[in-house]
Amino acid sequence: MAKPDKEQVKTARERLLERAQGRFPDRQFVRPEGQEGQDGQLADLDEAINEMMDADASQIAENAEVNKKLAQLLYSDPKAATFLNVWIETGDPRPGLIEAFGEEMAEVATEEGRERFKKNWDNYRERVSESKRLQEEEEHNWDDFLERLNTWGDEHNLSNEEKASIAVRLIDIKQKGNVNQYDESDMETVWQGIRYKDDVQAARNEGLVAGRNERIEASRRTRGTASGSTMPSINGGRGGSMPKPEPPKPYNPWDEIV
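A few points on the structure. (Residues numbered from 1 in each chain as written. Predicted model: local features only at pLDDT ≥ 70, side-chain atom pairs only at ≥ 80, totals over all residues. Heavy atoms only, no water.)

### Digging into the pattern of salt bridges
So, step 1. This structure, assessed with the given rule, holds 13 salt bridges.
So, step 2. Here D144 makes a salt bridge to R148, at a shortest N to O gap of 2.8 Å. On the criterion of helical spacing, the pair formed by D144 and R148 is a turn pair, its members being four residues apart in helix α7 (residues 118–155).
So, step 3. The exposure class assigned to D144 is partly exposed, which follows from its relative accessible area of 30%.
So, step 4. The closest approach of N and O atoms between D172 and R169, which form a salt bridge, is 3.4 Å. Highlighted residues: D172 and R169, both in helix α8 (residues 160–178), separated by three residues, approximately one helical turn.
So, step 5. R169 sits in the partly exposed class, given a relative accessible area of 23%.
So, step 6. Each of R169, D172, K176, D183 and D186 takes part in salt bridges that share partners, so that together they form one network. (Salt bridge = Lys/Arg side-chain N within 4 Å of Asp/Glu carboxyl O. Helix = DSSP H or I, 4+ residues; strand = E, 2+ residues; numbered from the N terminus. Buried < 20%, exposed > 50% of the residue type's maximum accessible area, 1.4 Å probe, protein only.)

This is how it looks when you write it as C-alpha cells:
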C-alpha cells in the first residue's frame, strides 16, 4: 500500500486559506516577501473567516425560518405532506393535488369554485398573461437582435462565423449575469469597450492637432518661398530697373598726384 505523500497533506491553516481565497478571490491572503508580515496575513485570514461564518450563520438562520414554516404546515395538514411527497416523487404537482385533494379539485372548476377562488384565478391568469407577454417580447427582441447584428456585422465586414461568435459571447455574458458569475474575460471585454471610446477620441484629437500643425508648416513654407524669390529694389522703389554701370575712365597718371 502506497504511503501518502507528506508534502501533499495540507495543514488546517492552508485549507482555511484555500477556502477563504475561493470565497474572496479578489483578496490577497499570502503576500510577497517584504510586504506586511505574518501578523498582517493572519489578520486578513481572521477577517475572512469571520465574514464567512457570519454569512453562513445568516443563511442557516434564514433556512431554519423557512423550514420551520414548512414543518408547521406539514404537521398541521396531512394533505400538504401528501401533496409535497407526490410532487417530489413525480416532479409534477398535478398528481399530488389529485391524491391530496381528490374531488375537491373538481369543485375549483365549477362556477361556485371560480367565484370562491376568484382572487386566485385572477392571480393565475395574470401570471399566465405576463409569462406569455415576456415570451413574445423575448422572441421579438431576439429577431431584432439578429437583424441588427447582421447589419452591424456587414458594416464591419464580418463573416457569418464571426457574427455567430459575437452572439454566443453575448449570450454567455447574459447567462453569467443571471447568477453574477462573471470572470476575467468578461471584465476584459467591458474594459476594452470603455477604453475603445477613449482611444478613438484621443486619436481624433491627435489627428486634428497633427492636421493643424501640417497646415501651419505648409503656410510657413509657402511664405518663405515667396519672400526668397523677390529681391527688394535698390533704388528705394523708384523705377522698375537698375541703373547701368558707368564705363571705366582711361588711366591718367596725373590722377595719382595729389
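The structure having been displayed, the exposition proceeds.
### Digging into the packing of aromatic side chains
So, step 1. Enumeration over the complete set of coordinates arrives at three aromatic pairs.
So, step 2. Ring plane angle 40 degrees and centroid distance 5.3 Å describe the contact between F83 and W87, whose orientation is recorded as tilted. Pair noted here: F83 and W87 are both in helix α3 (residues 78–90), with a separation of four residues, about one helical turn.
So, step 3. For W87, a relative accessible area of 36% gives the class partly exposed.
So, step 4. When the centroid spacing of 6.0 Å and the interplanar angle of 85 degrees are considered together, the rings of W121 and Y124 count as edge-to-face. Taken together, the positions of W121 and Y124, both in helix α7 and three residues apart, correspond to about one turn of that helix.
So, step 5. Take Y124: its relative accessible area is 42%, and that puts it in the partly exposed class.
So, step 6. If you follow R114 out to its NZ or CZ, it ends over the ring of W121, 4.8 Å from the centre. (Phe/Tyr/Trp six-rings, centres within 6.5 Å; stacked < 30°, edge-to-face > 60°. Lys NZ or Arg CZ within 6 Å of the ring centre and 35° of its normal.)

### A look at the nonpolar core
So, step 1. Formed by L17, A20, F24, L45, A48, I49 and M52, the largest nonpolar core amounts to seven residues.
So, step 2. At the level of secondary structure, the elements contributing two or more residues to this core comprise α1 (12–23) and α2 (38–76).
So, step 3. The greatest single-element share of this core, amounting to four residues, is contributed by α2. (Core = buried A, V, L, I, M, F, W, Y, C linked by side-chain atoms within 4.5 Å.)

### A closer look at the side chain of D186
So, step 1. Inspection of the secondary structure assignment puts D186 in helix α9 (residues 184–228).
So, step 2. Look at D186 and you get buried, because its relative accessible area is 3%.
So, step 3. A polar side-chain atom of D186 sits 3.3 Å from a polar atom in the side chain of K176.
So, step 4. Residue contacts for D186: discarding those within four places in its chain leaves R169, D172, I173 and K176. (Polar contact = N/O pair within 3.5 Å; in protein donor to acceptor, adjacent residues only side chain to side chain. Contact = heavy atoms within 4.5 Å.)

### Some words on the packing of α7 against α8
Each pair of packed helices gets described by two things: the angle between the helix axes and the distance between those axes.
So, step 1. Between α7 and α8, the least distance of the axes is 10 Å, while the angle of their chain directions is 135 degrees. On the basis of the axis angle, α7 is oblique to α8. Where α7 crosses over α8, the two elements pack in a sense that is right-handed. In contact with W142, F145, L149, N150, W152, G153 and D154 of α7, α8 contributes K163, I166, A167, L170 and I171.
So, step 2. In terms of residue class, the contact of α7 with α8 is made up of eight nonpolar, two polar and two charged. (Axes fitted to C-alpha atoms, helices over the stretch in contact; angles between N-to-C directions. Parallel < 35°, antiparallel > 145°, perpendicular 65-115°, else oblique. Left-handed = near helix turned anticlockwise from the far one by under 90°. Nonpolar A, V, L, I, M, F, W, Y, C, P; charged D, E, K, R; others polar.)

### What to know about unusual backbone geometry
So, step 1. One non-glycine residue, N157, lies in positive phi territory at about 55 degrees.
So, step 2. As for its position among the elements, N157 is in the loop between α7 and α8.
So, step 3. With relative accessibility at 70%, the residue N157 sits in the exposed group.
So, step 4. Backbone geometry places N180, a non-glycine residue, at a positive phi of 55 degrees.
So, step 5. When you line up the elements, N180 lands in the loop between α8 and α9.

### Considering the layout of surface pockets
So, step 1. Considering only enclosed or pocket space, the largest pocket measures out at about 500 Å³ in volume.
So, step 2. L97, M105, V108, F117 and W121 are the residues nearest the centre of the largest pocket, which is lined by 13 residues in total.
So, step 3. Counting residues per element, the lining of the largest pocket draws most heavily on α7, at five residues.
So, step 4. Residues of the lining of the largest pocket, tallied by class, amount to seven nonpolar, two polar and four charged.
So, step 5. The calculated volume of the second largest pocket comes to roughly 310 Å³.
So, step 6. In terms of lining, the second largest pocket is formed by L134, E137, E138, N141, W142, F145, L170, I171, K174 and Q175.
So, step 7. Breaking the lining of the second largest pocket down by element, the ones donating at least two residues are α7 and α8.
So, step 8. Residue contributions to the lining of the second largest pocket peak at six residues, all from α7. (1 Å grid on protein atoms, 1.4 Å probe; cavity = no way out; pocket = protein on both sides within 12 Å on 5 of 7 lines; lining within 4 Å. Points joined across faces, edges and corners; volume = space filled by probe spheres on them.)

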